[in-house]
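Next come the chains, spelled out residue by residue.
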Amino acid sequence: HLRGLSAVVRVGEEPDADVRLTSIEQDETGVAFSLVDRTTYRVPLLGRHNARNAAMALTVGRRMGMPTEAIAEGLAGATPPEGRLGRVRCGEIDVIHDAYNANPESMLAAIATLAGSGGDAPRRVLVLGDMLELGHASGEAHEEVLRAACGASGIELVLAVGPCMARAAGRLPHPASHAKVESIADATDAAIEAIAEHLRPGDLVLVKASRGMRLERLIDALRANSRRAEGAPAA
């Protein structure tokens, strides 16, 4: 039992939140945020949503009596789990690897993360694989995600990978919007290699899908291409 801990503590940007975030800034290495008490923190995780997650963690730390300096140090040293918005360099291509799992909410967060990233990258590419186990809501959910991807400013190309994504892409209204959309109906090894060949040096690529799609194969293919380009064994 934690003495003095309320049954519910609301954390967020809403005016009535108990722990209110007043600003969030995202760059290529993570997010920085401020609270209404004018304290500021930084966490080296991509995505604005991770500011809210970090604020929840620090709220628990405060309730446990941790000093502010220790909380800030802990947040600054956080590392993402494998496949959860981690940044990977594959030769001359930057990949944001988020292929561990996917649902509509996390897909929308990933799209916003890529739209808010990029810096000097000449092209931002979104590789979206199927979201599995959604049942009767699958068609509508995939269409919602693709509409959001097409409407996100700064994303130039969306690759819709898998039968569900491909069907949703075929139902998109035309003209699309900011991004060009290409669909790949089957996530075979050959298709993954073709996607790797389609990407260009300097691209910033976000890869997002349910675990069963195994889209991390794209990172393996890009690394193999990079080794071949450097004259090293592909291994």
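Residues numbered from 1 in each chain as written. Predicted model: local features only at pLDDT ≥ 70, side-chain atom pairs only at ≥ 80, totals over all residues. Heavy atoms only, no water.

Caption draft 1: Highlighting the sheet that holds strand β8 (residues 157-161). Strand order in the open sheet formed by six strands is β5-β6-β10-β7-β8-β9, and the pairing between neighbours is mixed. Each edge of the open sheet carries a strand with a single partner, namely β5 (86-90) and β9 (180-184). With direction set aside, neighbouring strand axes in the sheet form an average angle of 20 degrees. Sitting on the sheet, helix α4 (residues 138-151) touches β7 (124-129), β8 and β9, and the angle it makes with β7 is about 175 degrees. Sheet strands in contact with helix α5 (residues 163-170) are β7, β8 and β9, and its direction is about 125 degrees off that of β8. (Pairing = 2+ DSSP bridges. Helix = DSSP H or I, 4+ residues; strand = E, 2+ residues; numbered from the N terminus. Axes fitted to C-alpha atoms, helices over the stretch in contact; angles between N-to-C directions. Contact = heavy atoms within 4.5 Å.)

Caption draft 2: Seen up close, the packing of α4 against α5. Direction vectors running N to C along α4 and α5 enclose 65 degrees, while the axes themselves pass 9 Å from each other. Our classification of the angle between α4 and α5 gives roughly perpendicular. Read as a crossing pair, α4 and α5 show a hand that is right-handed. In this structure, α4 uses Ser138, His142, Glu143, Val145 and Leu146 to contact α5, whose residues at the interface are Cys164, Met165, Ala168 and Ala169. Its residues assigned to classes, the contact of α4 with α5 shows six nonpolar, two polar and one charged. (Parallel < 35°, antiparallel > 145°, perpendicular 65-115°, else oblique. Left-handed = near helix turned anticlockwise from the far one by under 90°. Nonpolar A, V, L, I, M, F, W, Y, C, P; charged D, E, K, R; others polar.)

Caption draft 3: Inspection of the pattern of salt bridges at higher detail. Across all of its chains, the model carries 15 salt bridges by this definition. Here glutamate 13 ties to arginine 48 by a salt bridge, and the two come within 3.4 Å at their closest N and O atoms. Placement of glutamate 13 in the loop between β1 (11-12) and β2 (19-27) and of arginine 48 in the loop between β4 (40-43) and α1 (49-63) is noted, with a sequence separation of 35 residues between them. The network of salt bridges with common partners includes Arg10, Asp16 and Asp18. (Salt bridge = Lys/Arg side-chain N within 4 Å of Asp/Glu carboxyl O.)

Caption draft 4: Expanded view of the side chain of serine 210. Here serine 210 lies in the loop between β10 (204-208) and α7 (217-229). The residues touching serine 210, leaving out its near neighbours within four places in the chain, are Ala99, Tyr100, Asn101, Ala102, Asp130, Met131 and Leu132.

Caption draft 5: View of the pairing of β2. As paired elements, β1 and β2 share two bridges and run parallel to each other. Bridge pairing in β2 links glycine 12 to arginine 20. Bridge count between β2 and strand β3 (residues 30-35): six bridges; the pairing is antiparallel. Directly across from leucine 21, in β3, lies its bridge partner leucine 35. Connecting β2 to the antiparallel partner β3 that follows it, the hairpin turn spans two residues.

Caption draft 6: Just the packing of aromatic side chains, in detail. Inspection of every chain in the model, using the stated rule, returns one aromatic pair. Where phenylalanine 33 meets tyrosine 41, the ring centres are 5.7 Å apart and the plane angle is 25 degrees; that geometry is what we call stacked. By relative accessible area, which is 1% here, phenylalanine 33 ends up buried. On the basis of relative accessibility, which here comes to 4%, the residue tyrosine 41 falls in the buried class. (Phe/Tyr/Trp six-rings, centres within 6.5 Å; stacked < 30°, edge-to-face > 60°. Buried < 20%, exposed > 50% of the residue type's maximum accessible area, 1.4 Å probe, protein only.)

Caption draft 7: Representation of a nonpolar patch on the surface. Taken together, Val60, Met64 and Met66 make up a surface patch of nonpolar side chains, about 300 Å² in accessible area. Here methionine 64 is to be found in the loop between α1 and α2 (68-76). Take methionine 64: its relative accessible area is 52%, and that puts it in the exposed class. (Patch = residues over 30% accessible without salt bridge, like charges linked within 9 Å, V, L, I, M, F, W, Y side chains within 5 Å. Areas by Shrake-Rupley, 256 points an atom, 1.4 Å probe, with all protein chains shown as cover.)

Caption draft 8: Looking closely at the nonpolar core. In terms of nonpolar packing, the biggest core is built from 27 residues, with Ile111, Leu126, Leu128, Leu146, Ile155 and Val158 touching the most fellow members. Mapped onto this core, the elements with two or more residues apiece are α3 (104-115), β7, α4, β8, α5 and β10. Examining the composition of this core, we find that five residues originate from one element, α4, more than from any other. Not counting residues within four places of it along the chain, the set of residues in contact with valine 158 comprises Leu126, Leu128, Leu146, Ala149, Ala179, Lys180, Val181 and Glu182. Judged by nonpolar contacts, the second largest core, of 26 residues, contains Ala99, Ala196, Met213 and Leu218. (Core = buried A, V, L, I, M, F, W, Y, C linked by side-chain atoms within 4.5 Å.)

Caption draft 9: A look at the sheet that holds β3. The four strands lie next to each other as β1-β2-β3-β4, forming an open sheet whose pairing is mixed. Taken across any chain shown, the strands that pair with only one partner, and hence form the sheet edges, are β1 and β4. The sheet contact formed by β3 and β4 spans four bridges and is antiparallel. Bridging from a neighbouring strand, phenylalanine 33 pairs with tyrosine 41 of β4.

All we've got here are geometric facts, nothing functional implied.
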